[in-house]
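Examination of the molecular architecture
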Amino acid sequence: MSYENWKDKAQGFQTVDVRHIQGSFFEGLRKRAEALEVGEGLHIIQTFEPHPLYAVMEGLGYEHHTEQRSEAEFHVWFCRTEKKEGDSSAPFKPLALLNYPMIDEKLGQIAVDFWETTWQSEKRVLPYETRLLLSLTNAVGAGRMRQAARELVKAYIHGVESAALDDVFELLAWNQGIGFFSSEIGPSALFQAYKLIKNGEKQGKSREDICSALREKFGEKNPEMQVLH
């Protein structure tokens, strides 16, 4: 289905203007989206094109149509064309980007554009999985264990083998030092997720089962992993 098939209905969609909402609006928006029936939808107004929402809403069975009315005014219509419970195959979508307009609307646009350029651009040469591992190690070096853990979970779910993770942790021990590894990495959610993978494989669990366990124990509901409250 395409916008042409449901554009006549779009004028009746509930409008949600999030341009000046203080705090995260995402949880409320998702609950509204989950409650709608096929053929119903939402009209979102934002100061920047809300790319992070597209994949989330698509996972719930929505199509979207976007119009830019001015430099800082985007209108997006989401229509539910089928009922889905949400796509869990690609964890940790970049919803934290939705926080930036609270600081400054222009900053929100810059943050989204920067994410599009660094992670979504077809010009990137390194495989996505390799970039996740680089992001993991950079995050550890900067002391951002939350980000590092999220990148590890994404990397494994996207097909990175545990042997590659072994190499990563060996290099972390070498470059960060045994003391840092023992006091900061060992007790972190990052290393706990790694142990879940290694122990699961030793027990003969399937990759699918291990990925399910990662989503359950190290998903957005885990306070050490979530970025929106």
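Read on for a plain summary of the structure. From a predicted model like this one, the values you see are computed outputs, not experimental measurements. (Residues numbered from 1 in each chain as written. Predicted model: local features only at pLDDT ≥ 70, side-chain atom pairs only at ≥ 80, totals over all residues. Heavy atoms only, no water.)

**Considerations on the sheet that holds strand β2 (residues 41-46)**
Short version of the rule: Following DSSP output, two strands are said to pair if at least two bridges run between them. By the criteria applied, helices consist of DSSP H or I runs no shorter than four residues and strands consist of E runs no shorter than two, each listed in order from the N terminus. In this analysis an axis means a line fitted to C-alpha atoms, helices contributing only their contacting stretch, and an angle means the value between N-to-C directions, from 0 to 180 degrees.
Sheet architecture is open: four strands sit in the order β1-β2-β4-β3, paired in mixed fashion. Edge positions in the sheet fall to β1 (14-17) and β3 (62-70), since each of these pairs with one other strand and no more. When the angles between neighbouring strand axes are averaged without regard to direction, this sheet yields 20°. The pairing of β2 with strand β4 (residues 73-80) spans six bridges and is classified as antiparallel.

**Re the packing of helix α9 (residues 189-202) against helix α10 (residues 207-217)**
How we decide: In this scheme, roughly parallel covers angles under 35 degrees and roughly antiparallel covers those over 145, while 65 to 115 is roughly perpendicular and the rest are oblique. In this scheme, a crossing is called left-handed if the near helix is turned counterclockwise away from the far one by less than a right angle; it is called right-handed if the turn is clockwise. In what follows, residue pairs with any heavy atoms lying within 4.5 Å of each other are defined as contacts.
Interaxial distance between α9 and α10 falls to 10 Å at its minimum, and their mutual angle equals 155°. As judged from the angle between their axes, α9 and α10 are roughly antiparallel. Both α9 and α10 take part in a crossing whose hand is right-handed. Every residue of α10 that contacts α9 at Ala 193, Leu 196, Ile 197, Gly 200 and Glu 201 is listed here: Ile 210, Ala 213, Leu 214 and Lys 217.

**Observations regarding the nonpolar core**
Filter applied, for reference: Grouping buried Ala, Val, Leu, Ile, Met, Phe, Trp, Tyr and Cys residues that are joined through side-chain atoms within 4.5 Å yields what is termed a nonpolar core. The cut-offs for exposure are 20% and 50% of the maximum accessible area for each residue type, with area from a 1.4 Å probe on protein chains only; residues under the lower value are buried, those over the upper are exposed, and the others partly exposed.
If you look at the biggest cluster of nonpolar residues, it comprises 33 residues, and the most contacted ones within it are Leu 136, Leu 152, Phe 169, Ile 185, Leu 190 and Leu 214. Sorting the residues of this core by element identifies α5 (128-141), α6 (145-157), α7 (162-176), α8 (178-185), α9 and α10 as the ones contributing at least two each. For Leu 214, the residues in contact, after removing those within four places along its chain, are Val 153, Tyr 156, Ala 193, Leu 196, Ile 197 and Gly 219. In this structure, Phe 26, Leu 42, Tyr 54 and Phe 78 belong to the second largest nonpolar core, which totals 23 residues.

**So, the side chain of His 75**
Test applied: Any pair of N or O atoms that falls within 3.5 Å is considered a polar contact. Within protein, one atom must be able to donate a hydrogen and the other to accept it, and sequence-neighbouring residues count only if both atoms are side-chain atoms.
Along the polypeptide, His 75 turns up in strand β4. Looking at His 75, the relative accessible area reads 6%, which means it is buried. Within the local environment of His 75, its side chain forms a polar contact with the side chain of His 43, the two groups lying 2.8 Å apart. Here Glu 73 takes part through its side chain, which lies 2.6 Å from a polar atom of the side chain of His 75. When near neighbours in sequence (up to four residues on either side) are disregarded, His 75 contacts His 43, Ile 44, Ile 45, His 65, Thr 66, Glu 67 and Arg 69.

**Examining the pairing of β2**
The buried fraction of β2 amounts to six of the six residues, a majority that puts the element mostly inside the structure. Residues Gly 41, His 43 and Ile 45 of β2 are buried on one face, and the alternating residues Leu 42, Ile 44 and Gln 46, pointing to the opposite face, are buried as well. The sheet contact formed by β1 and β2 spans four bridges and is parallel. The residue bridging Asp 17 from the neighbouring strand is Ile 45, located in β2.

**Overview of helix α3 (residues 51-59)**
Counted residue by residue, α3 has seven buried out of nine residues, so it is predominantly covered. Residues of α3 that are buried include every one of His 51, Pro 52, Leu 53, Tyr 54, Val 56, Met 57 and Gly 59, and no others. Residues of α3 that are buried in the fold lie against α2 (26-35), β2, β3, β4 and α4 (105-120). Directly beyond the C-terminal end of α3, a positive phi value near 100° is found at Gly 61.

**Considering α7**
We apply this condition: Multiply 1.5 Å by the residue count of a helix minus one, and that product is the helix's expected span. What the arc covers is the set of directions going from the helix axis to the C-beta atoms.
Here α7 spans 20 Å end to end across 15 residues, near enough to the 21 Å set by a 1.5 Å rise per residue. By the burial criterion, the buried members of α7 are Ser 162, Leu 165, Val 168, Phe 169 and Leu 172. Taken down its axis, α7 places every buried residue within 100° of arc, on the same side. Set apart from the buried face of α7 by more than 90 degrees, the exposed residues are Glu 170, Trp 174 and Asn 175.

**Regarding the pattern of salt bridges**
Which entries qualify depends on this criterion: Salt bridges are defined as contacts in which a side-chain nitrogen from Lys or Arg sits within 4 Å of a carboxyl oxygen from Asp or Glu.
This model, assessed by the stated rule, comprises 10 salt bridges. Glu 73 is the salt-bridge partner of Arg 19, the closest N and O atoms lying 3.6 Å from each other. Placement of the pair is Arg 19 in the loop between β1 and α2 and Glu 73 in strand β4, with a sequence separation of 54 residues. A salt bridge links Lys 106 to Glu 71; the shortest N-O distance between them is 3.2 Å. One end of the pair, Lys 106, is in helix α4; the other, Glu 71, is in the loop between β3 and β4, with 35 residues separating them in the sequence. Residue Lys 106 is classed as partly exposed on the basis of its relative accessible area of 47%. We classify Glu 71 as exposed; its relative accessible area is 61%. Taken together, the shared-partner salt bridges connect Asp 17, Arg 19 and Glu 73 into one network.

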